[in-house]
Amino acid sequence: MTQKNTDLRGAAKLSIDAVKGITDLVEELHRNISGLAPIIGASRQGNTRGITGLVYRSVHAVTNVVGSGLDVALAKLAPLMGANTNTAIETTPQREAVLSALNGVSGDYLAKTDNPLAIEMCLRQNGSTLAALPATNKLIIMVHGLCMNDLQWTKDGHNHGEALAKEFGYATAYLHYNTGQHISANGRAFAELLENAVNRAPSEITEVIFLCHSMGGLVSRSACHYASEAKHTWLSKLKRIFFLGTPHHGALLERAGNWADIFLGISPYAAPFTKLTKIRSAGITDLRYGNLIDADWQNKNPETTRDVRTYVPLPAKVRCYVVAASKQVAPPQKNERVFGDGLVAVKSALGQHQQPSLSLKIVAENQLLVYGVDHFQLLCNPSVGKRLSDWMAEEALK
């Protein structure tokens, strides 16, 4: 199937689902208004009745028929469009960026509904899936963040991972994954993917380094946890992890979204619109406190305002480095607050927590705080690149 036809089918399915979702929202609002619900309190439950209910059920029925017909028709168009699943699929950086953003916002839903737009996890190089790891003994694996993809590691003509690989004699591979899935699901899948890849590598891999941006750091920590449980061999080859702007203890932006849900839910007349604020994937809601394992979200209220995570230590015998950024142009004066990079607080990026038992306790020489830099500028900031190089050189001398 050509990429064009796959995208068309995926977009059609998503459009049909959106129509059904809006219909549900309007029906709920209609039910509360017609039922004279109190200004403050719970929404009225159940479907609308009589002719009104019939109208909404009819809209759903017609939408389902149209959706099924479109999917079948577009699937049959594939052979007519010269589709060949055995040939490489051409794509563009622009398409990859849109697809990655869509997966970040609703990737769990895309996967659940078998939408062709859902990203399948793989290792890539230059935007293409790797059939096998490069023939090398030393490997840097780069793990991107929320709503991003492997092509976006190169920013303003610079790529930290490629620069380090060239300087110190490593090969690179990029993890490409659906950032809308639970972090723990991606972590487990990453662990298994890497175990299979290392075992089938053309050369014996003796050293692995993770270079992670944002959510990628949480996915990598989760992968280490599940690799330890499964006794994967690749974990013993992992020597260093570099975390760039990783929200080890959660991201403030997602918590703000959670508070929007709470305030809108106070009134039954505003409550239906929380369906719009809830268009946040499992991956995004995991960022509220930095969930790493299944237990952090299973059998728990997803709207909790308390940090209920299980403490997951950094992997043993792995040197870990953290880089935090602040949009402030200069260090603050004594007792002044240090603002974060616009998405992640400085303490969260440094692994520091108000509860000592949750702090990652990364030594001071393995920490870096840069000023006048936002979350995405971490990918190309010269000071960050220089420190990464220095850390690599220090390790090489040991």
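Residues numbered from 1 in each chain as written. Predicted model: local features only at pLDDT ≥ 70, side-chain atom pairs only at ≥ 80, totals over all residues. Heavy atoms only, no water.

### Here we look at the overall build of the protein chain
Threshold: What counts as a helix is a DSSP run of H or I of at least four residues, what counts as a strand is a run of E of at least two, and both are numbered from the N terminus. Three exposure classes are used, based on accessible area relative to the maximum for each residue type with a 1.4 Å probe and protein chains only: buried under 20%, partly exposed in between, and exposed over 50%. All accessible-area figures derive from a Shrake-Rupley calculation using a 1.4 Å probe, and residue coverage is judged against the displayed protein chains alone.
Counting secondary structure elements, the protein chain contains eleven helices and eight strands. Here the protein chain holds 398 residues, and the buried ones make up 47% of them. Of the roughly 19500 Å² of accessible surface on the protein chain, 58% is carried by carbon and sulfur atoms.

### Description of the pattern of salt bridges
Close approach of charged atoms allows side chains with opposite charge to pair. To keep it simple, the criterion reads: Between Lys or Arg on one side and Asp or Glu on the other, a salt bridge is scored when a side-chain nitrogen of the former is within 4 Å of a carboxyl oxygen of the latter.
Inspection of the entire model under this criterion finds five salt bridges. Close ionic contact of Arg 240 with Glu 207 constitutes a salt bridge, the shortest N to O distance being 2.4 Å. One end of the pair, Arg 240, is in strand S6 (residues 238-244); the other, Glu 207, is in strand S5 (residues 207-213), and 33 residues separate them in sequence. Judged on exposure class, the residue Arg 240 and its partner Glu 207 are both buried. Linked through salt bridges whose partners overlap, the residues forming this network are Glu 96, Arg 124 and Asp 150.

### Side note on the confidence of the model for the protein chain
Rules: The predictor attaches a confidence to each residue, called pLDDT, with possible values from 0 through 100. The contact criterion used is simple: two residues touch if any of their non-hydrogen atoms lie within 4.5 Å.
Per-residue confidence for the protein chain averages 77 on the pLDDT scale, and 67% of its residues sit at or above 70. Confidence drops under a pLDDT of 50 for residues 259-277, and excluding neighbours within four residues, the segment shows 44 contacts in the predicted structure.

### Topic: the sheet that holds strand S3 (residues 138-143)
In plain terms, the rule: Two strands form a pair only when DSSP identifies at least two bridges running between them. For helices, the axis comes from a line fit to the C-alpha atoms of the stretch in contact; other axes are also lines fit to C-alpha atoms, and the angle between any two N-to-C directions lies between 0 and 180 degrees.
The strand order across the open sheet formed by eight strands is S2-S1-S4-S3-S5-S6-S7-S8, and the pairing between neighbours is mixed. Both outer strands of the open sheet, strand S2 (128-129) and strand S8 (367-371), are each paired with one neighbouring strand and no more. In this structure, strand S1 (residues 122-125) lies alongside S2, joined through two bridges in antiparallel fashion. Looking across to S2, one finds that Arg 124 is bridged to Thr 129. Contacts between helix H6 (residues 215-230) and the sheet are confined to S3, S5 and S6, with S5 contributing the most and set at about 140° to the helix.

### Quick notes on the environment of Ile 141
Looking at the secondary structure, you find Ile 141 in strand S3. With a relative accessible area of 0%, Ile 141 lands in the buried category. It is 4.9 Å that separates the C-alpha atoms of Ile 141 and Ala 173, two residues lying 32 residues apart in sequence. Sequence-distant contacts of Ile 141, that is, excluding residues within four places in its chain, are made with Leu 123, Ala 173, Phe 190, Leu 194, Val 208, Ile 209, Phe 210 and Leu 211.

### Describing helix H3 (residues 93-112)
Condition: Note that the bend at a residue is defined as the angle between axes fitted to the seven residues ending at it and the seven residues starting at it.
Maximal helix bending in H3 amounts to about 90°, located at Ser 106. Asp 114 sits one or two residues past H3 and shows a positive phi near 55°.

### Focus on the pairing of S3
Of all six residues that make up S3, five are buried, and the element is covered over most of its length. Inspection of the sheet shows S3 paired to S5 by six bridges, in the parallel sense. What sits directly across from Met 142, in S5, is Leu 211. In this sheet, strand S4 (residues 171-176) lies alongside S3 in parallel orientation, the contact comprising five bridges.

### As for the packing of aromatic side chains
Stated precisely, the cut-off is as follows: Aromatic pairs are defined between Phe, Tyr and Trp rings, using the six-membered ring for Trp, whenever the two ring centres lie within 6.5 Å; interplanar angles under 30 degrees are classed as stacked, those over 60 as edge-to-face, and all others as tilted. Only when the NZ of Lys or the CZ of Arg is both within 6 Å of the ring centre and within 35 degrees of the ring normal is a charge said to sit over the ring.
For the structure on display, the rule yields five aromatic pairs. Seen from their ring centres, Tyr 321 and Trp 391 are 4.8 Å apart, and the 35° between their planes marks the pair as tilted. With Tyr 321 in strand S7 (residues 319-326) and Trp 391 in helix H11 (residues 382-397), this residue pair connects regions lying 70 residues apart in the sequence. The exposure classification of Tyr 321 matches that of Trp 391, with both residues buried. Through successive ring pairs, a cluster of aromatic residues spans Phe 190, Phe 210 and Trp 234. In this structure, Lys 138 is placed above the aromatic ring of Tyr 170, and the distance from its NZ or CZ to the ring centre is 4.5 Å. Positioned over the ring face of Tyr 226 is Arg 188, at 4.2 Å from the centre of the ring.

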